Amino acid sequence: MTRVSRGFGDTMQKEAVPAVSADAIFASARFPNYKIGANNQIVDPKQDPKVLSMKEVVARETALLLEQQNRLSVRDLASKFEKGLAAAAKLSEEAKLREAASLEKHVLLKKLRDALESLKGRVAGRNKDDVEEAISMVEALAVQLTQREGELIQEKTEVKKLASFLKQASEDAKRLVDEERAFARAEIENARAAVQRVEEALQEREQMSRASGKQDPKELMKEVQEARRIIMLHKPSKVMDMEHELRALRIQLAEKSKHSILLQKELARSQRVEENLSNLYELDGAETLGSYLRIKPCSDIAPELSRCSIQWYRISSDGRKELISGASKAVFAPEPFDVGRVLQAEISNDCQLIILKTIGAIDPAPGLGNYVEALVRKHDVEFNVVVTQMNGADHPSESIHVLHVGKMRMKLCKGKTTIAKEYYSTSMQLCGVRGGGNAAAQALFWQAKKGLSVVLAFESGRDRNAAIMLARRFAFDCNIMLAGPDDRASLGN
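What you see is a predicted model, and the numbers here were worked out from it, not measured in a lab.

(A) Quick peek at the packing of aromatic side chains. Counted under the stated rule, the structure contains two aromatic pairs. Geometrically, the ring pair formed by W312 and F332 is stacked, given 5.3 Å between the ring centres and 25° between the ring planes. Taken as a pair, W312 in strand β5 (residues 309–315) and F332 in strand β7 (residues 331–332) lie far apart in primary sequence, 20 residues in all. An angle of 70° between the planes, with centres 5.9 Å apart, marks the rings of F383 and F458 as edge-to-face. Taken as a pair, F383 in strand β10 (residues 380–390) and F458 in strand β17 (residues 452–458) lie far apart in primary sequence, 75 residues in all. Residue class for F458 comes out buried when judged on its relative accessible area of 5%. Looking at R462, its charged tip hangs above the ring of Y371, at a distance of 3.9 Å from the centre. Positioned over the ring face of F337 is R472, at 3.8 Å from the centre of the ring.

Take a look at the structure:
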């Protein structure tokens, strides 16, 4: 090994160690960015137009997500989040590679500084100044590299945050997909339940028609087959169409039932004529809940009804006759208590007594049971009504009132003013109006307490019957039998 003396700077040849010029101009004030490619070749990022900075990639992905967030479906959103998650993972890998490259840069700078420090001790004069300037420049590059590393660490933190956000968003999207799938399955189950209810309703109608003989079995079979064909074509998205078709089928059945009742009345009338029985009056009207029955004279010699005494009765399945208190007019609207029972009207004039009966039991209103079951789930149900009578006197005002039927009490309001509010009790009475013309099927009688009674007219007969059934259901839950005047004794029996 050659020993270096103090006079080495005077004897050293200039060709061995070239001098570093103080006027050297560097292309950039920071350490150049490069990548190590295949075969350890250095690749300049500027030469590759596809390479973007980490901030640009993050900003572009975020902008795309925000732009498409409002118009993407749940499945597309989940796919986009998964792609974003993959992009974030790729960015994380690039950050790791940059970190490794940064570590190599530190090693290179340290080696370069050590070499310059070693060279500084071997040169003197102007060359030594150049070496010191090079050392200061290397230190400045090291500072810039440290700053760049800080930026890389911050970008890495942002990438991690974005990756966690995209991961959470992907999980949320999957959860939304699962919820939508569960909701779709629930809709399918509801549709199947609706189809089952349709089948049960049709079977019930078929059994009732066969039992009463109101319709030809062949025609009913054709209608049942048509309904089953509709059910076979049913899809969860066509529930409303199915309900409309079922409603039309019910209307058709009701019309045919009315026609059958008319035919049976004509048959009964002809039988009476053959038996030489007096046929002065007859019952006119559909024998279903929601309609009304009217005593109509069918002979010129029939006495006027205003001069006769009329009384309506219920006849149960065991043949027991129950008087309907207050039903003493020519018109009577059946209420829910009358379903499944035969109604009888007795007309007395002088010494003559004429008895009229319905052909069969009163039929329930189609769909009323399901409607009431849906209302039972509510804590309080509101009905728009008009007060026609109060305490037996006509009420002149026709303003809209609201009848609240709750689980514990009933309340009648007009705006913010409460007219009546009472809990269910033995003194409370509720029934359909027993008389009153064509509007009897839409009106009810309510005695909130002793000394306060009203007659309320509803928007439809369905609302009137639903209010009666709902109030009696809630009152029964409170161990109260809610009925009309003098009806509690028959209910108890």
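From this point, things continue past the structure.
(B) Representation of unusual backbone geometry within the structure. Positive phi is not limited to glycine here, since N391 has a value of about 55°. By relative accessible area, N391 is classed as partly exposed at 45%. Its identity is not glycine, yet N479 carries a phi of approximately 60°, on the positive side. Residue placement: N479 occurs in the loop between α8 (461–477) and α9 (488–492).

Quick notes on the rules
- Residues numbered from 1 in each chain as written.
- Predicted model: local features only at pLDDT ≥ 70, side-chain atom pairs only at ≥ 80, totals over all residues.
- Heavy atoms only, no water.
- Phe/Tyr/Trp six-rings, centres within 6.5 Å; stacked < 30°, edge-to-face > 60°.
- Helix = DSSP H or I, 4+ residues; strand = E, 2+ residues; numbered from the N terminus.
- Buried < 20%, exposed > 50% of the residue type's maximum accessible area, 1.4 Å probe, protein only.
- Lys NZ or Arg CZ within 6 Å of the ring centre and 35° of its normal.

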